[in-house]
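Okay, here's what each chain looks like letter by letter:
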Amino acid sequence: SEMGIDEIIVFCVDNAAVMDAWAKDQGIDEKGIITFMGDPRGELTKALGMEITDPGPCGKLGAGRCKRFSAFVEEGTIKTFNLAEAPDDPAGDDHPEVSCVEKMMKDLEDLL
C-alpha cells in the first residue's frame, strides 16, 4: 500500500471454495488488500485473451486454464503486463518469476 496499490487480485480458473482454501493456506487476511477470486467458467480468462490453448498443457491440465501473468491496472488501463509464456514453455512453468511479485515491484518502481 505504500506504493499506492489499493488491491491485489489473484484469480484462476477455479471455484470460490478452492480459492478461499488457497487464500487461507497462504495466510491471506480478509481485511487486507489481497483478494483471491475464482473464474469458474473462464470468462475473465477468455476476455483477457489468456486462455491456454497449447495441446501440451491442455493435455495435462485440461482445456480452459489461464496463462501465468501479472498486470498492473490503473483506472481501467493496463500500465504493465508480464506474461510467463514462451514458445518452448506455453504454460510459463520454466520462468514463472516473469510474473511474480518481485518483477511487478520493479515495474512499479519504474513507473513511479
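Structure: above.
Residues numbered from 1 in each chain as written. Predicted model: local features only at pLDDT ≥ 70, side-chain atom pairs only at ≥ 80, totals over all residues. Heavy atoms only, no water.

**Q** Looking at this structure, how should I read the pairing of strand β4 (residues 77-83)?
**A** Side-chain direction in a regular strand flips from residue to residue, so the side chains alternate between the two faces of the sheet. Bridging between strand β3 (residues 69-74) and β4 involves six bridges; their strand directions are antiparallel. Bridged to valine 73 within β4 is isoleucine 78. (Pairing = 2+ DSSP bridges. Helix = DSSP H or I, 4+ residues; strand = E, 2+ residues; numbered from the N terminus.)

**Q** Could you clarify how one ought to interpret the side chain of threonine 45 in this entry?
**A** Tracing the sequence through the fold places threonine 45 in helix α2 (residues 43-47). In this view, threonine 45 contacts Phe11, Val13, Asp39, Met50, Glu51, Arg65 and Cys66; residues no more than four positions away in its chain are not counted. (Contact = heavy atoms within 4.5 Å.)

**Q** Would you take a moment to explain a nonpolar patch on the surface for this structure?
**A** On the surface, a nonpolar cluster with roughly 270 Å² of combined accessible area is contributed by Val73, Ile78 and Phe81. You can call valine 73 partly exposed: its relative accessible area is 48%. (Patch = residues over 30% accessible without salt bridge, like charges linked within 9 Å, V, L, I, M, F, W, Y side chains within 5 Å. Areas by Shrake-Rupley, 256 points an atom, 1.4 Å probe, with all protein chains shown as cover. Salt bridge = Lys/Arg side-chain N within 4 Å of Asp/Glu carboxyl O. Buried < 20%, exposed > 50% of the residue type's maximum accessible area, 1.4 Å probe, protein only.)

**Q** So what exactly am I meant to see when it comes to the pattern of salt bridges here?
**A** Any two side chains of opposite charge can pair, given that their charged atoms come close. Inspection of every chain in the model, using the stated rule, returns six salt bridges. Put simply, glutamate 85 and lysine 67 hold a salt bridge, and the shortest N to O gap is 3.4 Å. In this pair, glutamate 85 sits in the loop between β4 and α4 (101-111) while lysine 67 sits in the loop between α3 (55-61) and β3, placing the two residues 18 residues apart along the sequence. By relative accessible area, glutamate 85 is classed as partly exposed at 32%. A salt bridge links aspartate 93 to arginine 68, with the nearest nitrogen and oxygen atoms 2.7 Å apart.

**Q** Just checking my understanding: could you explain the packing of aromatic side chains for this structure?
**A** Aromatic ring pairs: the centre-centre distance and the angle between the two ring planes describe each pair. Considering all chains together, one arrives at three aromatic pairs under this definition. Aromatic side chains phenylalanine 11 and phenylalanine 69 sit 6.0 Å apart centroid to centroid with 65° between the ring planes, which places their arrangement in the edge-to-face category. Here phenylalanine 11 is found in strand β1 (residues 8-12), whereas its partner phenylalanine 69 is found in strand β3, with 58 residues between them in sequence. Of the two residues, phenylalanine 11 and phenylalanine 69, both sit in the buried class. (Phe/Tyr/Trp six-rings, centres within 6.5 Å; stacked < 30°, edge-to-face > 60°.)

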